[in-house]
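# Examining the three-dimensional arrangement
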Amino acid sequence: MVICRTKDYNDLSRKAANIIRAQVILKPDCVLGLATGSSPVGIYQNLVKWHQKGDLDFSKVSSINLDEYRGLRPDNDQSYRYFMDTNLFNHINIDKAHTFVPNGLEEDPKKACSNYDQIIESMGGVDLQLLGLGHNGHIGFNEPSNVFPSGTHCVDLAPSTIEANKRFFASEADVPRQAYTMGIRSILLAKKIIMVVSGEGKAEILKKVVCGPITPEVPASVLQLHRDVVIVADEAALSKF
Ligand code: F6R
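What this report covers is the structure whose coordinates are included nearby. (Residues numbered from 1 in each chain as written. Predicted model: local features only at pLDDT ≥ 70, side-chain atom pairs only at ≥ 80, totals over all residues. Heavy atoms only, no water.)

Counting secondary structure elements, the protein chain contains seven helices and 10 strands. The C-alpha radius of gyration of the protein chain comes to 17 Å, within 12% of the 18 Å expected for a compact globule of 241 residues. Each principal axis of the C-alpha atoms in the protein chain carries an extent, and together these give about 45 × 45 × 35 Å. In the protein chain, which comprises 241 residues, the share counted as buried stands at 51%. As displayed, the protein chain has an accessible area near 10,800 Å², and 50% of this comes from carbon and sulfur atoms. (Helix = DSSP H or I, 4+ residues; strand = E, 2+ residues; numbered from the N terminus. Rg over C-alpha atoms; globule rule 2.2 N^0.38 Å. Buried < 20%, exposed > 50% of the residue type's maximum accessible area, 1.4 Å probe, protein only. Areas by Shrake-Rupley, 256 points an atom, 1.4 Å probe, with all protein chains shown as cover.)

Here we come to the packing of helix H2 (residues 41-52) against helix H3 (residues 80-87). Between H2 and H3, the least distance of the axes is 10 Å, while the angle of their chain directions is 40°. Put simply, H2 runs oblique to H3. On H3, the residues touching Val 41, Tyr 44 and Val 48 of H2 are Phe 83, Met 84 and Asn 87. Class assignment for the residues of the contact of H2 with H3 results in five nonpolar, one polar and no charged. (Axes fitted to C-alpha atoms, helices over the stretch in contact; angles between N-to-C directions. Parallel < 35°, antiparallel > 145°, perpendicular 65-115°, else oblique. Contact = heavy atoms within 4.5 Å. Nonpolar A, V, L, I, M, F, W, Y, C, P; charged D, E, K, R; others polar.)

Now for the sheet that holds strand E8 (residues 178-181). The strand order across the open sheet formed by three strands is E4-E8-E7, and the pairing between neighbours is antiparallel. If you trace the sheet from one side to the other, it starts and ends with strand E4 (67-69) and strand E7 (153-156), each paired once. Taken pair by pair, the neighbouring strands of this sheet meet at an average axis angle of 25°, ignoring direction. Note that E7 and E8 share four bridges and pair antiparallel. Residue pairing for E8: His 153 is matched across the bridge by Thr 181. (Pairing = 2+ DSSP bridges.)

This paragraph deals with the site of the ligand. Surveying the vicinity of the ligand reveals 14 residues, the closest of which are Ser 39, Asp 67, His 138, Gly 140 and Lys 202. Contacts to the ligand include His 138, whose side-chain N or O atom sits 2.7 Å from an oxygen atom. Considering only residue class, the shell around the ligand consists of three nonpolar, eight polar and three charged. (Near = heavy atom within 4 Å. Polar contact = N/O pair within 3.5 Å; in protein donor to acceptor, adjacent residues only side chain to side chain.)

In total, this model carries five aromatic pairs according to the counting rule given. On the numbers, 6.4 Å between centres and 65° between planes, the contact of Tyr 44 with Phe 83 is edge-to-face. On the criterion of sequence distance, the pair formed by Tyr 44 in helix H2 and Phe 83 in helix H3 is long-range, its members being 39 residues apart. Classification of Phe 83 by relative accessible area gives buried; the value is 15%. With 4.8 Å between their ring centres and 45° between their planes, Tyr 69 and Tyr 80 make a pair best called tilted. Of this pair, Tyr 69 sits in strand E4 while Tyr 80 sits in helix H3, placing them 11 residues apart in sequence. Each member of the pair, Tyr 69 as well as Tyr 80, carries the same accessibility label: buried. An aromatic cluster is present here, built from Tyr 69, Tyr 80, Phe 141 and Phe 169 joined pairwise through their rings. (Phe/Tyr/Trp six-rings, centres within 6.5 Å; stacked < 30°, edge-to-face > 60°.)

With that out of the way, let us pick up helix H1 (residues 9-26). Here H1 contains 18 residues, and its C-alpha end-to-end distance of 26 Å stays within 8% of the 26 Å for a straight helix at 1.5 Å per residue. Where H1 is buried, its residues meet strand E1 (2-6), strand E2 (31-34), H2, strand E6 (128-131), strand E9 (192-197) and strand E10 (229-234). For H1, the N-terminal capping position is held by Asp 8, with its side-chain oxygen 3.2 Å away from the main-chain nitrogen of Asn 10. (Expected span 1.5 Å × (residues − 1).)

Turning to the environment of Val 218, a few remarks are in order. By secondary structure assignment, the location of Val 218 is in the loop between helix H7 (203-211) and E10. We classify Val 218 as buried; its relative accessible area is 11%. For Val 218 and Leu 206, which are 12 residues apart along the polypeptide, the C-alpha to C-alpha distance reads 9.8 Å. Val 218 has contacts with Gly 137, Ile 205, Lys 208 and Val 209, leaving out every residue within four places of it along the chain.

Okay, the nonpolar core next. Ranked by size, the top nonpolar core spans 31 residues in total, and within it Ile 139, Met 195 and Leu 206 carry the most contacts. Sorting the residues of this core by element identifies helix H4 (109-122), helix H6 (184-188), E9, H7 and E10 as the ones contributing at least two each. With residues near it in sequence (within four places) discarded, Met 195 still touches Leu 131, Gly 132, Leu 133, Ile 139, Leu 206, Val 209, Leu 223, Val 230, Ile 231 and Val 232. Ranked by size, the runner-up nonpolar core spans 28 residues in total, among them Cys 30, Leu 34, Tyr 44 and Val 196. (Core = buried A, V, L, I, M, F, W, Y, C linked by side-chain atoms within 4.5 Å.)

Here's what the structure looks like:
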């Protein structure tokens, strides 16, 4: 595990975006595993800026997102498809037919999850997986539990996740209670993983992820087993080290 310490969120966003930029330059037809939430917003802004300057070409890139709320339409402004379109895809030259997000409208969880696993498999592996870190240690929506779920699955969101994500919704009651998420095995199969962590509120959990035991109670601790993980974190997030 490599830890890249940054001064603040802007510095973190630029450094993490540079890693993605290198990936796209070195392998123009790469598969990027992407995340939503507040942590990657600055990264996407940098990627858009560099694309608009003519420095970055996404025409051959494919992408696969970690998760989606169950029951939200893609054009719902709280869906993760909408997030990806408005924060990144609408502003770069990626072929949207090559961007994948779980189908939140598929009511049958088994079908939604097996369809997504087939898509992941057909893409031939993720070259670079971007992750954020939940306050409870989740990655994707793999919530603390007593097992590491393998493939894509339907998850009941933890009360702490609903609490953390209510800031994006009109009220807590509007936060969907379930989501489809890529499993831990699929995440670990990525060739390279970059996790971005910002702010003092994540300092305690980040210490556990890196220095604590590997346990499904802290899902991100499983990253200790991966051979190529870079954690890009700001000083506030690293304040407990
Ligand atoms: C989002 C995702 C989540 C977030 C995590 C951190 O696609 O998979 O695991 O990365 O909840 O969210 P923020 O960045 O909003 O603190």
